[in-house]
Amino acid sequence: MKYLLLLALAGIAACASAFGAVPKTVVIDAGHGGHDRGGTPGNYACEKTLALDVAQRLCAILQQNDVKTVMTRCDDTFIPLGERVSIANAHRDALFVSIHFNSAVRRGADGFETYYFNGKAAGVAARVQANLTALHSGENRGVKRRPYYVLRKTRIPAILAECGFLTNREDAARCNQPAYRQKLAQAIASAVLKG
Ligand SMILES: [Zn+2]
């Protein structure tokens, strides 16, 4: 009888995981690195450095909440996109979260965008976007479905968060503050931890 009960509970756990429980593993992808600085020469801050910092903060928060984490890069190294995807695809019951910052020719462009491609990631993308846009009054540029390489080639649900415009003076000034980057990481983490 006890054995049957255990089997039933195991079945419930398996279903919960299939329908979007908190992922066991989060593969955190800090955009760019090494010779690839990200952004444009007109940036007020360096995208690859800020992306790694937010990724590391996100990693720490998720670990504190007993989620296993994998970083595609832990330092200022260039990792080709194919390698990032291979790292993601080595995991099951996992979520891929890519951290980037935006840039635009128009200096006034600001705010957040969150991307996904596989519909399985639409829910978490919407939660990330909602949490990020709650941080300040910048433009909510929305959740967008785009076939970006790391979103299209990953077999696990995958999202890419653009955490602010480094070509916008106010956005960049905020993003340069460690306390604000902690808020960015917390906003993303709490969206992921809601399953
Ligand atoms: Zn980028």
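The written sequence of each chain sets the order in which its residues are numbered from 1. Only residues with pLDDT of 70 or above have their local features reported here, since the model is predicted, and side-chain atom pairs are shown and tallied only from 80 upward, although totals for entire chains, interfaces and linings are computed over all residues.

J.: Is there a simple way to explain the sheet that holds strand S5 (residues 140–145) in this structure?
T.: Strand pairing within a sheet occurs via backbone hydrogen bonds; the two strands may be parallel or antiparallel. Pairing between strands requires that DSSP locate at least two bridges from one strand to the other. The secondary structure listing takes helices from DSSP runs of H or I that are at least 4 residues long and strands from runs of E that are at least 2 residues long, numbered from the N terminus. One open sheet holds the six strands; their spatial order is S2-S1-S3-S6-S4-S5, and the pairing between them is mixed. Each having just a single partner strand, strand S2 (68–71) and S5 make up the two edges of the open sheet. Pairs of neighbouring strands in the sheet enclose a mean axial angle of 20 degrees, with direction left out of account. As paired strands, strand S3 (residues 94–102) and strand S6 (residues 158–165) are joined by six bridges and run parallel to one another. Bridging from a neighbouring strand, His 100 pairs with Glu 162 of S6. Whether two residues are in contact is decided by their C-beta atoms, placed from the backbone, lying within 7 Å. Angles here are taken between N-to-C directions and fall from 0 to 180 degrees, while the axes themselves are lines fitted to C-alpha atoms, restricted in helices to the stretch in contact. This element, helix H2 (residues 47–64), spans strand S1 (25–30), S2, S3 and S6 of the sheet and lies at about 145 degrees to S3. Of the strands in this sheet, S3, strand S4 (112–116), S5 and S6 touch helix H4 (residues 122–133), which is tilted by about 170 degrees from S4.

J.: Please clarify how the nonpolar core should be interpreted in this entry.
T.: Generally speaking, a soluble globular protein has its nonpolar side chains buried in company with each other. By definition, a nonpolar core groups buried Ala, Val, Leu, Ile, Met, Phe, Trp, Tyr and Cys residues that connect through C-beta atoms lying within 7 Å of each other. Here exposure depends only on C-beta density: within 10 Å of a residue's C-beta, 20 or more other C-beta atoms make it buried, 12 or fewer make it exposed, and intermediate numbers make it partly exposed, the C-beta atoms being placed from the backbone. Residues Ala 158, Ile 159 and Ile 188 are the most contacted members of the largest nonpolar core, which totals 49 residues. With eight residues, H2 is the single largest residue contributor to this core. Sequence-distant contacts of Ala 158, defined by excluding residues within four places in its chain, comprise Ala 88, Phe 96, Tyr 116, Phe 117, Asn 118, Ala 121, Val 150 and Leu 151.

Such coordinate-based values are descriptive only and should not be taken to indicate function.
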